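Topology and contacts: notes
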Amino acid sequence: MGARRRCCCEVICWYFVEPFDQSLSGTTDMGANWNEVVGDWGVIGWRCVEDYSAGGSTANALIITTQQQPLASAGEQYLSLDIYDPQTGDIYYLYPACTGTSRKGALEAKFECLDASTSPQTWDVTIGTETETMEIVPNEFGWVRAICCVDHTAGQAKAWMNYGVIAACWDDSADPGAGRYSGFGHDNSGRDPYGIICDNYFVGELWTGDQICYDCFCRCRKFAPSRELKLTIFGATGRYACAGGASTPMLWDNAPEKQYWSGQVQVTGPNGRTITILCVMHCAAQDPAEHEGQNFTLSLDFVDNDCCHMNPDRCDGAEATVLSTCVPFNLVFGPYEATGPYGDLNCRLCYDPLTELEITTGEFWISVTE
Amino acid sequence: MSITPIHQCQCRGDEAVAPNGTFWCDAHQCRKTQHWLQLCREREDYRDAWNRGQGPGQMGHARAAYSVSRTHSQGVGTELSRMLGRCQKFQHQQQLDDWGVACLEHIPEIVAWVQEFSLTFQDTQMDAHTIERILRLVVERVQTKSQVVKEVDDGSAK
């Protein structure tokens, strides 16, 4: 049997990894994969160092890789770099979407070590107009990892630190431009003996035409929704009729244990009764092929009043229905249908069961848009 | 270039305004929030969706579309394409979806199509007998799923 052909969608995502394992010790040559724009970079002991010959370090040192990603994914990059033994005052940069081997792009991710004397260390991470202070614990060998990703198509950028920590500094209106190169740098003020030491540089595509690569944005197909969305109840009938049109902003909770959008809808019925519905929307990493928005799930909880006497499978993390579209971004959840006992006092939201005896059913839908 | 009305949002925003600020949009036959009005006015993709009857809040089409798309997603062609692998869309998927169960009347034709398609992901044509077995399996699955959907729809209609 002959060799199998590679099917169309099995295009390998483009990436470039630099472990700095070349035998370049003792020289200032970083090899053909790099352009030393500012500073005196080199490889010592299988690590990348800067200003190792003179000691100290160079201000605004910058190095850009000569490896460029495919044109189709220009401006869409995932970058990471390992940093050894950071000290208070150290400032490191990742430069995504550089427009040439000596030109930075429109955005930079800045990692400033505010205090390395404690554990965890304190860092300020900045990208675009957003800054987050993060508590970072180096691994057992003293390394921390700086990560960023940018998406020219969606106009978004994220930056964060360390292994497995997904709390991110997220600017959802920051365009990195369409650069295809990348690099890193630092702006220290006197480290010795080797300035900075770093390792394991990685740059890769976020996706190719058919395949999601090492992405860090939640996506609805290829569309990346922003950190603030809008939830609206519609199609409300019967016992939930007064909930129609109620809406709330859905905001991204930017903490390691809260990676979701959430918002609270308040509905006040004609009888003066008010209930609050807590809405939490999660996003799985990849959008399945079944239908658009299938990777989004929405959970509802009625605060203070357990009024969720409705199809419970919908209340507890149901996926967006096939009515959903990614462009325009409109996730549709529902129908949420009343199934509980009508006599339940907590469910007298829109009608009083003692006076509106005929209204025993009801439903509503939910739309999440930009 | 002059702007024709279809390129503008047809909602006024002051029709039958409810206490919660929503209003009834006659043009799109749905109740809209002020945020949706803004999307309608400023975003062409949203406006197009409303003009097609598939915009946020358009309940008139929601149930029908929900039911149709659920059924549609279980078409024979769609299922067969999935079984063959999602790398490439099976060129005749829609034809098989349209035929539905009746595709069993076109087995030789379908076998030839799949054999040709199989050359896009392997070097030799798939065996005709295997293709026919896969096809019958797919039809059986689609029939089972359609029955479940029908029962659910019948149940919810009551």
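Above this note sits the structure.
Attention in this report is confined to the structure presented alongside it.

Right, let's talk about the nonpolar core for a bit. By size, the foremost hydrophobic cluster in this structure holds 100 residues, and its most contacted members are Phe111, Phe184, Met281, Leu298, Phe333 and Ile366 of chain A. Looking at which element gives the most residues to this core, the answer is strand 11 (residues 143-151) of chain A, with 6 residues. Counting residues in each nonpolar core, the second largest holds 20 residues, with Cys103, Phe117, Phe121 and Val139 of chain B among its members.

The next point concerns the packing of aromatic side chains. If you walk through the whole model with that rule in mind, you get 29 aromatic pairs over all chains. Between phenylalanine 16 of chain A and tryptophan 34 of chain A, the aromatic rings sit 6.0 Å apart at their centres with planes inclined by 55°, giving tilted as the arrangement. A residue pair is termed long-range when its members are at least 10 positions apart, and phenylalanine 16 of chain A in strand 1 (residues 15-18) and tryptophan 34 of chain A in strand 2 (residues 34-38) qualify at 18 residues. Tryptophan 34 of chain A matches phenylalanine 16 of chain A in its accessibility class, with the two residues each being buried. Put simply, the rings of Phe16, Phe20, Trp34, Trp41, Phe184 and Tyr201 of chain A pair up and form one aromatic cluster. The residue whose ring lies beneath lysine 32 of chain B is tryptophan 50 of chain B, and the NZ or CZ to ring-centre distance is 4.0 Å.

Attention shifts here to the side chain of threonine 248 of chain A. Residues and elements named next belong to chain A. Along the chain, threonine 248 falls in strand 17 (residues 247-252). For threonine 248, a relative accessible area of 6% corresponds to the buried category. Those residues in contact with threonine 248 that lie beyond four places of it in its chain are Leu229, Lys230, Leu231, Gly263, Gln264 and Val265.

This next bit is on unusual backbone geometry. Residue and element names in this part refer to chain A. With omega at 5°, the peptide bond leading from serine 119 into proline 120 counts as cis. With respect to the helices and strands, proline 120 occurs in the loop between strand 8 (109-115) and strand 9 (121-127). Cis geometry is adopted by the peptide bond preceding proline 335, which originates at glycine 334 and carries an omega value of -5°. Secondary-structure assignment places proline 335 in strand 22 (residues 330-337). For asparagine 60, which is not a glycine, the phi torsion comes out positive at approximately 50°. Relative to the assigned elements, asparagine 60 resides in the loop between strand 4 (47-50) and strand 5 (61-65). Its relative accessible area of 47% is what places asparagine 60 among the partly exposed residues. Positive phi outside glycine occurs at aspartate 85, with the angle close to 45°. With respect to the helices and strands, the residue aspartate 85 is situated in the loop between strand 6 (76-84) and strand 7 (91-98). What makes aspartate 85 partly exposed here is its relative accessible area of 35%.

Quick look at the pairing of strand 19 (residues 274-283) of chain A now. All names here are of chain A. Across 8 bridges, strand 18 (residues 261-268) lies against strand 19 in antiparallel orientation. Its bridge partner lying in strand 19, valine 267 is registered against isoleucine 275. Counted along the chain from strand 18 to the antiparallel partner strand 19, the turn is 5 residues long, and its residue glycine 272 has a positive phi close to 85°. Here 8 bridges tie strand 19 to strand 20 (residues 296-303), and the two strands are oriented antiparallel to one another. Across the sheet, cysteine 283 pairs through a bridge with phenylalanine 296, a residue of strand 20.

So, about the packing of helix 1 (residues 34-42) of chain B against helix 2 (residues 44-51) of chain B. Residue and element names in this part refer to chain B. It is at 6 Å that the axes of helix 1 and helix 2 come closest, and there the two elements cross at 105°. Relative to helix 2, the element helix 1 is oriented roughly perpendicular. In contact with Trp36, Leu39, Cys40, Arg41 and Glu42 of helix 1, helix 2 contributes Glu44, Tyr46, Arg47 and Trp50. Its residues assigned to classes, the contact of helix 1 with helix 2 comprises 5 nonpolar, no polar and 4 charged.

What follows covers the pairing of strand 4 of chain A. Residues and elements named next belong to chain A. Across 4 bridges, the pairing between strand 3 (residues 41-44) and strand 4 is antiparallel. Looking across to strand 4, one finds that tryptophan 41 is bridged to glutamate 50. The sheet contact formed by strand 4 and strand 15 (residues 197-205) spans 2 bridges and is antiparallel. Along strand 15, the bridge assignment pairs cysteine 48 with cysteine 198.

What counts, and where the lines are drawn
Residues numbered from 1 in each chain as written. Chains lettered and ligands numbered in written order. Predicted model: local features only at pLDDT ≥ 70, side-chain atom pairs only at ≥ 80, totals over all residues. Heavy atoms only, no water. Core = buried A, V, L, I, M, F, W, Y, C linked by side-chain atoms within 4.5 Å. Buried < 20%, exposed > 50% of the residue type's maximum accessible area, 1.4 Å probe, protein only. Helix = DSSP H or I, 4+ residues; strand = E, 2+ residues; numbered from the N terminus. Phe/Tyr/Trp six-rings, centres within 6.5 Å; stacked < 30°, edge-to-face > 60°. Lys NZ or Arg CZ within 6 Å of the ring centre and 35° of its normal. Contact = heavy atoms within 4.5 Å. Pairing = 2+ DSSP bridges. Axes fitted to C-alpha atoms, helices over the stretch in contact; angles between N-to-C directions. Parallel < 35°, antiparallel > 145°, perpendicular 65-115°, else oblique. Nonpolar A, V, L, I, M, F, W, Y, C, P; charged D, E, K, R; others polar.

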